[in-house]
Amino acid sequence: MSSAAAASPEVTPATSELLRALSLRDAIALVLSVIGTGVFLKTAPMAQLVGSPSRVLLAWLAAGLLSLAGALTYAELGAMMPEAGGEYVFLREAYGDLPAFLFGWASVMLIASGGLAAVSTALASFLSSFVPLGATWIARDFHLLGQVVHWRLGIQQIVAVSVILLFSAINARGVELGGRVQWIATVAKLGGIAVIVLGAFLLSRTGSWDHLRTPVTARLAPSGIGAFGAAMLAALWAYQGWSNLPMVAGEIEKPERNVPRALIFGMLIVILVYLLTNLAYFFALPFSEILTANSTAYRDALPVAAKAAQAFSSYGPQIVSIAFMISAIGALNGITLMNARVPFAMARNHLFFSPLARLNPTTRVPANAIWFQGIWACLLALSGTFDQITTSVIFAVWLFTALVGSSLFVLRRKLPAAPRRYRALGYPVVPALFVLVAVWLVINSLSATPVESAAGLALIALGLPFYLFFHRGVVAHRSEH
């Protein structure tokens, strides 16, 4: 190496690449970031749909096994192409620039940033049960796409924005710090859930295994495959996020080995946690109490987790609020760390704003991409419309998930000689079942929520003019080389 190169480390190949600083433990913690507020809230609407504890538990298990099938599929892809960007990289290699760009566009502009906005606002809401954050300075109602948008600006919105900026700053300081924060948040989150589960099993004043033998409630509609599918969809929301891990494959130590291990071990832990937690709810509470917990039908009721905690402690709602906040912190850090690698990868391929391709020469993290994602999420949090936006693109999440799953078959044919340290367990049956169920979920969403799905398609289509603009840069770059 020349002395000039040594004097300018910022331009050497070593410092222009991401730092592999995430261990297997850190990678598993990132998978466990999927354990969010869903496990505290979704059991009640699922119970209303299927009508018995055993069917609710079966829906959680079925959703978990589907997610595990997806993790097994993604594990081979992540081990074969351990680069920053995850699904974007897989889609680009299998299907070309356009599908990859549209996935990246949806992730950057809607899904990840909307997730940050939603979780940070929820965290501010949970915090308001301990600290007065009720002051609202401006409130307006707007009619948009046939819906009423309740917009307001107050202390809660400022707290939400501050939290997004805080986690952007943490992750811009280095992937090691982000990984450490994720691990601490994961341990604290599992500890909070353990308090609720052990308290429900050991200290509940109303606990009984007879609660699990409660017959289907007569006043509920008969449960069919449609109702079970809807309950599975509710559970899948709580499992959402495991697919983000390959986005940081470029920063994981020995990714060919650790990406598959983290996905598989992490998902098995998540399934176990969700089943134990729901079993604790059904042990601690009569089924009628779970049916009437917080949900669309019972908006003012306590969440099912708070009811279960209240069965063994008068501080039940406060215990659950603390667990909520810890889960939200873990989710915010995980979303920030993993999803920012998508705009970074797109920019490196000349398919997004070029400054986002730069790494901080000291920390070797895509700081510009992290701040871009964070600032856009802040605008969504202040807009108050992110709930409508993210609801509209839920079906698109599964559309891209199905495409990524199918890319495994394409890449097995397209790249037969590519090194594969891990091969998907149960191939081709398990990946095929995963893709088929994902396609079914897309079709089900289109038929059940046609207006929201159409709006989601329109929002994705907004990326097409940007693709045409950025693609000119790709063509120019290829012609130069």
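Residues numbered from 1 in each chain as written. Predicted model: local features only at pLDDT ≥ 70, side-chain atom pairs only at ≥ 80, totals over all residues. Heavy atoms only, no water.

Student: Summarise the overall build of the protein; cite the residues concerned and give the values.
Tutor: When you go through the protein residue by residue, the secondary structure sums to 21 helices and two strands. The 481 residues of the protein split such that 54% are buried. Taking as baseline every contact in the protein between residues at least 6 positions apart, the subset at least 24 positions apart corresponds to 81%. Approximately 20,200 Å² of the protein is accessible, and the part contributed by carbon and sulfur atoms is 67%. (Helix = DSSP H or I, 4+ residues; strand = E, 2+ residues; numbered from the N terminus. Buried < 20%, exposed > 50% of the residue type's maximum accessible area, 1.4 Å probe, protein only. Contact = heavy atoms within 4.5 Å. Areas by Shrake-Rupley, 256 points an atom, 1.4 Å probe, with all protein chains shown as cover.)

Student: Can you lay out the packing of aromatic side chains for me, pointing to particular residues and giving the numbers?
Tutor: Taken as a whole and assessed by the stated rule, the structure comprises 24 aromatic pairs. Here Tyr74 and Phe90 contribute two aromatic rings whose centre-to-centre distance is 6.4 Å and whose plane-to-plane angle is 85 degrees, an arrangement assigned as edge-to-face. Residue Tyr74 is found in helix 5 (residues 53-80), and its partner Phe90 is found in helix 6 (residues 87-95); the two are separated by 16 residues along the sequence. The exposure classification of Tyr74 matches that of Phe90, with both residues buried. Ring plane angle 65 degrees and centroid distance 4.9 Å describe the contact between Tyr239 and Tyr274, whose orientation is recorded as edge-to-face. With a gap of 35 residues between them, Tyr239 in helix 10 (residues 225-239) and Tyr274 in helix 11 (residues 255-284) connect regions that are remote in the sequence. Joined through ring pairs, the aromatic side chains of Phe101, Trp105, Phe352, Phe353, Phe372, Phe466, Tyr467, Phe469 and Phe470 make up one cluster. Its guanidinium or amino end placed over the ring of Tyr427, Arg412 lies 3.7 Å from that ring's centre, counting from NZ or CZ. (Phe/Tyr/Trp six-rings, centres within 6.5 Å; stacked < 30°, edge-to-face > 60°. Lys NZ or Arg CZ within 6 Å of the ring centre and 35° of its normal.)

Student: Before we move on, can you summarise the pattern of salt bridges with the specific residues and values?
Tutor: The full count for this structure, using the stated rule, is eight salt bridges. Of the charged contacts, one joins Glu289 and Lys307 as a salt bridge, the two residues approaching to 3.3 Å between their closest N and O atoms. Pair noted here: Glu289 is in helix 12 (residues 287-291) and Lys307 is in helix 13 (residues 304-310), with a separation of 18 residues, a long-range link. Overall, Lys307 belongs to the buried group, its relative accessible area being 12%. (Salt bridge = Lys/Arg side-chain N within 4 Å of Asp/Glu carboxyl O.)

Student: Report on the packing of helix 6 against helix 18 (residues 394-414), specifying residues and quantitative values.
Tutor: A pair of packed helices can be characterised by two numbers: the angle between their axes and the separation between those axes. Between helix 6 and helix 18, the least distance of the axes is 9 Å, while the angle of their chain directions is 50 degrees. Put simply, helix 6 runs oblique to helix 18. Relative to helix 18, the crossing made by helix 6 is left-handed. Counting all contacts with helix 6, which are made through Glu87, Phe90, Leu91, Glu93, Ala94 and Tyr95, the residues of helix 18 involved are Phe400, Leu403, Val404, Ser406, Ser407, Val410, Leu411 and Lys414. A breakdown of the residues in the contact of helix 6 with helix 18 according to their chemical character gives nine nonpolar, two polar and three charged. (Axes fitted to C-alpha atoms, helices over the stretch in contact; angles between N-to-C directions. Parallel < 35°, antiparallel > 145°, perpendicular 65-115°, else oblique. Left-handed = near helix turned anticlockwise from the far one by under 90°. Nonpolar A, V, L, I, M, F, W, Y, C, P; charged D, E, K, R; others polar.)

Student: I'd like a rundown of the side chain of Ser204, residues and numbers included.
Tutor: Position of Ser204 relative to the elements: it lies in the loop between helix 9 (175-202) and helix 10. Within the structure, Ser204 has its side chain in polar contact with the backbone nitrogen of Thr206 (distance 3.3 Å). Every residue in contact with Ser204, bar those within four places of it in the chain, is listed here: Gly199, Ala284, Ala311 and Phe312. (Polar contact = N/O pair within 3.5 Å; in protein donor to acceptor, adjacent residues only side chain to side chain.)

Student: Describe the nonpolar core, and please don't skip the residues or the numbers.
Tutor: Within the largest apolar cluster, 151 residues are counted, with the highest numbers of intra-cluster contacts made by Phe40, Tyr88, Phe101, Leu245, Tyr274 and Phe352. It is helix 7 (residues 97-127) that provides the largest number of residues to this core, a total of 16 residues. When near neighbours in sequence (up to four residues on either side) are disregarded, Tyr274 contacts Val34, Ile35, Gly36, Val39, Trp60, Ala238 and Tyr239. (Core = buried A, V, L, I, M, F, W, Y, C linked by side-chain atoms within 4.5 Å.)

Student: Which residues make up a nonpolar patch on the surface, and what values do they have?
Tutor: Side chains of Leu165, Trp371, Ile375 and Leu379 sit close together on the surface and give an oily, nonpolar patch of about 340 Å² of accessible area. The element that contributes the greatest number of residues to the nonpolar patch is helix 16 (residues 367-383), accounting for three residues. Summarising the element assignment, Leu165 is placed in helix 8 (residues 155-172). Given the relative accessible area of 32%, Leu165 is considered partly exposed. (Patch = residues over 30% accessible without salt bridge, like charges linked within 9 Å, V, L, I, M, F, W, Y side chains within 5 Å.)

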